[in-house]
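# What the coordinates show
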Amino acid sequence: MESPKSARPAGADGFSRRHFLSTTVASTMTLTLLDAPRAESAPAPATRSDARAPVSMTLRVNGRNHQLSLDARTSLLDALREHMGLTGTKKGCDHGQCGACTVLIDGRRTLSCLSFAAMIQDHEVTTIEGLSAPGGDLHPMQQAFIDHDAFQCGYCTPGQIMSAIACVNEGHAADAAQVREYMSGNLCRCAAYPNIVDAVLEAKTKMKGT
Ligand code: FES
Ligand code: FES
């Protein structure tokens, strides 16, 4: 009588399905083992310490190039204050809520606390230190803030002035209401708002051609 094992159908070449599967599995395991050294030599994924490795960058600020080597996560605000000595730009909230850190990037007002320094390469940054003329004459907006007593403690003032210049250049200083609306991102704890509006409206008349 035929045993159950010999009754199992076999292929034309004499190999059973069980034999085929066992041979395939054994071959696959062999290839996997042979591949193991190759997998070990593959580049290791970036580690936490790699992410902190300094990044070389060139930042152009107030018409001058600055070569820096910084943590890639450094904000433009910290790069300006801690690594270039440009402390005119102020850190108020460091969360994009007060406007004290406002600078111009290619002429557009930008919150430097929310900008990575590494992303500003190939752009022109202007800070409060870069506004006065080479001879020392103040920018019309700076002079107007003085003339209208538009500050008390002065902490918000650099951000207010940078934002005000952009506000005028954007064409958003038609009247007091528009200035208040388009300057609303710059907070002043001393509440010098009425004088700030007066200063912006006066500077607007003198900025043409600056
Ligand atoms: S410090 Fe940047 S918005 Fe306040
Ligand atoms: S002048 Fe003091 S916060 Fe504006």
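Please refer to the structure higher up on the page.
Let us look at the structure shown here.

Parameters at a glance
Residues numbered from 1 in each chain as written. Chains lettered and ligands numbered in written order. Predicted model: local features only at pLDDT ≥ 70, side-chain atom pairs only at ≥ 80, totals over all residues. Heavy atoms only, no water. Helix = DSSP H or I, 4+ residues; strand = E, 2+ residues; numbered from the N terminus. Contact = heavy atoms within 4.5 Å. Areas by Shrake-Rupley, 256 points an atom, 1.4 Å probe, with all protein chains shown as cover. Pairing = 2+ DSSP bridges. Core = buried A, V, L, I, M, F, W, Y, C linked by side-chain atoms within 4.5 Å. Buried < 20%, exposed > 50% of the residue type's maximum accessible area, 1.4 Å probe, protein only. Axes fitted to C-alpha atoms, helices over the stretch in contact; angles between N-to-C directions. Parallel < 35°, antiparallel > 145°, perpendicular 65-115°, else oblique. Left-handed = near helix turned anticlockwise from the far one by under 90°. Nonpolar A, V, L, I, M, F, W, Y, C, P; charged D, E, K, R; others polar. Polar contact = N/O pair within 3.5 Å; in protein donor to acceptor, adjacent residues only side chain to side chain.

The subject of this paragraph is the overall build of the protein chain. Across its full length, the protein chain carries 8 helices and 5 strands. Traced from its N-terminal end to its C-terminal end, the protein chain shows the element sequence α-α-α-β-β-α-β-β-β-α-α-α-α. Here the analysis covers contacts within the protein chain between residues at least 6 apart in sequence; of these, 56% occur between residues at least 24 apart. Accessible surface, the protein chain: about 13,000 Å² in total, of which carbon and sulfur atoms supply 55%.

Following the sequence through the fold, Leu 86 ends up in the loop between α4 (76-83) and β3 (102-105). Leu 86 has contacts with Val 61, Asn 62, Leu 80, Arg 81 and Glu 129, leaving out every residue within four places of it along the chain.

Relative to strand β4 (residues 108-111), β3 is paired through 4 bridges, and the arrangement is antiparallel. Paired with Val 103 across the two strands is Thr 110, which belongs to β4. Counting the residues in the hairpin turn of β3 and β4 gives 2 residues, including Asp 106, whose phi is positive at 50°.

A separate point is the nonpolar core. For soluble globular proteins, the rule of thumb is that nonpolar side chains tend to be buried together. In this structure, Met 141, Phe 145, Ile 161, Ile 165, Ile 196 and Val 200 are the most contacted members of the largest nonpolar core, which totals 26 residues. Of all the elements in the fold, those that place two or more residues in this core are α5 (140-147), α6 (157-169) and α8 (193-207). At 7 residues, the largest contribution of residues to this core is made by α6.

Moving on, we come to the packing of α5 against α6. Running from N to C, α5 and α6 cross one another at 125°; their axes reach a closest spacing of 10 Å. Between α5 and α6, the angle is such that the two are oblique. Where α5 crosses over α6, the two elements pack in a sense that is right-handed. On α6, the residues touching Met 141, Gln 142 and Phe 145 of α5 are Thr 157, Gln 160, Ile 161, Ala 164, Ile 165 and Val 168. Among the residues making up the contact of α5 with α6, the classes are represented as 6 nonpolar, 3 polar and no charged.

Attention now moves to the sheet that holds β3. Strand order in the open sheet made by the 5 strands is β2-β1-β5-β3-β4, with mixed pairing throughout. One side of each edge strand has no neighbouring strand; the edge strands of this open sheet are β2 (64-71) and β4. For this sheet, the mean angle separating the axes of adjacent strands, direction not counted, is 45°. Judged from the 2 bridges that link them, β3 and strand β5 (residues 124-126) form a sheet pairing that is antiparallel. Bridge assignment links Leu 104 to a residue of β5, and that residue is Thr 126.

So, about the pairing of strand β1 (residues 54-61). A regular strand carries its side chains on alternate faces of the sheet. As defined by bridge partners, β1 adjoins β2 across 8 bridges and the pair is classed as antiparallel. Across the sheet, residue Val 55 finds its bridge partner in β2, namely Leu 70. Linking two consecutive strands that pair antiparallel, namely β1 and β2, is a turn of 2 residues; a positive phi of about 50° is found at Asn 62 within it. As judged from the 2 bridges shared by β1 and β5, these two strands associate in the parallel manner.

A few words now on the packing of α6 against α8. Relative orientation of the contacting elements α6 and α8 amounts to 50°, with a least axis distance of 10 Å. When the interaxial angle is binned, α6 and α8 end up oblique. α6 and α8 meet at a crossing whose hand is right-handed. Between α6 and α8, the residues in contact are Gln 160, Ala 164, Ile 165, Val 168 and Asn 169 and Ile 196, Val 200, Lys 204 and Met 207, respectively. Of the residues that constitute the contact of α6 with α8, the class distribution is 6 nonpolar, 2 polar and 1 charged.

Bringing the side chain of Asn 186 into the picture now. Counting through the fold element by element, Asn 186 comes out in the loop between α7 (176-182) and α8. Under the relative-accessibility criterion, Asn 186 is labelled buried at 5%. In terms of polar contacts, Asn 186 uses its side chain to reach the backbone carbonyl oxygen of Gly 159, at 3.1 Å. Once you skip the residues sitting within four places of it in the chain, Asn 186 turns out to touch Cys 98, Gly 99, Thr 102, Gly 159, Gln 160, Ser 163 and Tyr 193.

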